[in-house]
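Here's the letter readout for the chains.
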Amino acid sequence: MQTNIQILLKENRKKKIDKFIKKYNEEILSLSDQALENENNAKSKLISDILKKDISVRAKLSFLLKQFSLYNDETAFWIKNLIKSRNSVAHGRRVNYNKAIFPVQPFFPLISDGLYPLNFIRILTAKVISDHLKISLYNEKWGDIENELIKSDSQAEKFIQNKKFKKLANLSESEEKLVLGGLNYYLLSKKIKPKNAKNVYDFYLETEIDNENFLSSNVDALVILYETLDQVEIEDKLKTAIINIHKLDCNPHSRFRDMIYFLEFHDFNVPKLESLILNNKIK
């Protein structure tokens, strides 16, 4: 399959280069007949030799996904993270953890931020192979994985900046994935700053502060914002949301006491959360 992709890359590159060179030589240099053909061949070889040396692993993977109609913003963001992880392994970078949590992390990890479980990569690989063989064996499993993929942090930033927020019931599928877990990931991984997410959470705290699905999928982000933002109005809403998570018993960390270790492991200090626990507001 790799050979086929390389051939496809070469063919696509040649077609686009030839089209550009021919138009340039005809319209700019006013060449024709044998002079046009000779110049086309010379320039095409020159440009092709330059461009074929600048194809990164990310570009090759993206091109592969495009051949099977699997390339979009979600998979592009995933590929970007996979390449980052691949580079960490290739260069032997080691992550040094200053704290420990349960379950215990690997002693000498090379990857600090895995976007998706390893099984997602297995399904994607199987989907590409099955599509190459023109069989539909993994279509259903890939559909399940595709429903879990989130948009890139740049798309999340655009969503926040547009300020066209809608209630959960009116969100598109991609917007729903962003609001129900995506933003939580970006804040936890520090790809989006808390102050930049204030407006979107202010809206959903007004409309969904009792929504168990919203609260459970954003518990990390809500605590991070509670610890970071000092505006009284939104701080009170965040406090209410955190207490609601306790009342509804929908904390995916089970207990907020356990969550303290998790957030500290990710380099977030949580004195306000500790205060709520000490005052028996939550457990």
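Now for a look at the structure at hand. Quantities reported herein were computed from a predicted structural model and do not represent experimental measurements.

**Considering the overall build of the chain**
When you go through the chain residue by residue, the secondary structure sums to 14 helices and zero strands. Put simply, the chain runs from its N terminus to its C terminus through helices and strands in the order α-α-α-α-α-α-α-α-α-α-α-α-α-α. Restricting to contacts in the chain with at least 6 residues of sequence separation, those with at least 24 account for 66%. When the accessible area of the chain is evaluated, it comes to approximately 17400 Å², of which 50% is carbon and sulfur surface.

**A word on the pattern of salt bridges**
Enumeration according to the criterion identifies twelve salt bridges in this entry. Salt-bridge contacts for E235 lead to K272; the nearest nitrogen and oxygen are separated by 2.9 Å. Residue E235 is found in helix α12 (residues 232–248), and its partner K272 is found in helix α14 (residues 271–278); the two are separated by 37 residues along the sequence. K272 sits in the partly exposed class, given a relative accessible area of 22%.

**Some thoughts on the packing of helix α9 (residues 198–207) against α12**
One can describe the packing of α9 onto α12 by two numbers: an axis separation of 10 Å at closest approach and a directional angle of 55°. Judged by the inter-axis angle, α9 sits oblique to α12. Classified by chirality, the crossing of α12 by α9 is left-handed. In contact with K198, D202, L205 and E206 of α9, α12 contributes I234, K237, L238 and A241. Residues that form the contact of α9 with α12 fall into these classes: four nonpolar, no polar and four charged.

Rules behind the numbers
- Residues numbered from 1 in each chain as written.
- Predicted model: local features only at pLDDT ≥ 70, side-chain atom pairs only at ≥ 80, totals over all residues.
- Heavy atoms only, no water.
- Helix = DSSP H or I, 4+ residues; strand = E, 2+ residues; numbered from the N terminus.
- Contact = heavy atoms within 4.5 Å.
- Areas by Shrake-Rupley, 256 points an atom, 1.4 Å probe, with all protein chains shown as cover.
- Salt bridge = Lys/Arg side-chain N within 4 Å of Asp/Glu carboxyl O.
- Buried < 20%, exposed > 50% of the residue type's maximum accessible area, 1.4 Å probe, protein only.
- Axes fitted to C-alpha atoms, helices over the stretch in contact; angles between N-to-C directions.
- Parallel < 35°, antiparallel > 145°, perpendicular 65-115°, else oblique.
- Left-handed = near helix turned anticlockwise from the far one by under 90°.
- Nonpolar A, V, L, I, M, F, W, Y, C, P; charged D, E, K, R; others polar.

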